[in-house]
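# A closer look at the structure
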Amino acid sequence: MLIRTTIDPHSRIPTHTVAGALTANRVRRAIAGLIEAPEYQPDCNSLWDLREAEGLTGREDVWPLIEMIRRDELRTGRGVVAFLLKHELLVALGEPRERTYPSGRERAAVFDDPAQAAEWLENHEHRREA
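Keep in mind that this is a model prediction, so the values were computed, not measured.

## Concerning helix H1 (residues 24-36)
- The terminal C-alpha atoms of H1 lie 19 Å apart, and with 13 residues this matches the ideal 18 Å at 1.5 Å per residue to within 8%.
- Those residues of H1 lying buried are Val27, Ala30, Ile31 and Leu34. Take H1 and look down its axis: the buried residues cluster within an arc of 95°, on one side only. Opposite the packed face of H1, turned more than 90 degrees from it, sit the exposed residues Asn25, Arg29 and Glu36.
- In the core, the buried residues of H1 are packed alongside strand E1 (2-7), strand E2 (14-21), strand E3 (46-54) and helix H2 (59-73).

Structure representation (structure tokens):
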């Protein structure tokens, strides 16, 4: 599995592109590395592109992974995380495609269109205020 992270210089939103077989440990290491990177801004939302990830077949694979990423990445604050999935996988998930967590401000949403994911991120508050 390969995770490549880029941070948009204008929006400061990190994009994590995952290719190959997913493992929870690699994802957790990528998040830890991101949080410690000097260019990381803890007040930004993030985007995870899972369209080339292997091993995701349905809601039993996707939602636990999304929950783990959201919990690990947002432990330093509150924000939103968007996930890009293959169209077929998104259809298999059904509704809802967005989840709100107990605080009401932490959210995760799934998309198959990068433009829709970017728009959703831009329309949500970027600060992760405690």
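## Some thoughts on the pairing of strand E4 (residues 80-84)
- Counting buried positions along E4 gives five out of five residues, so the element sits mostly inside the fold.
- Neither face of E4 is left uncovered, since the one carrying Val80, Ala82 and Leu84 and the one carrying Val81 and Phe83 both have all their residues buried.
- Two strands pair when backbone bridges link them, and E3 and E4 are joined in this way by four bridges, in the parallel orientation. If you follow tryptophan 48 over to E4, its bridge partner there is phenylalanine 83.
- As paired strands, E4 and strand E6 (residues 107-111) are joined by five bridges and run parallel to one another.

Conventions adopted
All residue numbers here refer to positions counted from 1 along the written sequence of the relevant chain. Local features in a predicted model are, by the rule used here, given only for residues with pLDDT of at least 70; side-chain atom pairs are given and counted only at 80 or more, and totals for whole chains, interfaces and linings are based on all residues. Values reported for side chains reflect all heavy atoms of the structure, with hydrogen atoms and water molecules removed beforehand. The way it works is that DSSP assigns letters per residue, a run of H or I at least four long becomes a helix, a run of E at least two long becomes a strand, and they are numbered from the N terminus. Multiplying one less than the number of residues by 1.5 Å gives the expected span of a helix. The rule is simple: take the accessible area with a 1.4 Å probe, protein chains only, and divide by the maximum for that residue type; under 20% is buried, over 50% is exposed, in between is partly exposed. This arc corresponds to the set of directions leading from the helix axis out to the C-beta atoms. By the convention used here, residues are in contact when the closest approach between their heavy atoms is within 4.5 Å. In this description, strands pair whenever DSSP reports at least two bridges between them.

In short, the description is geometric, and any link to function would need to be established separately.
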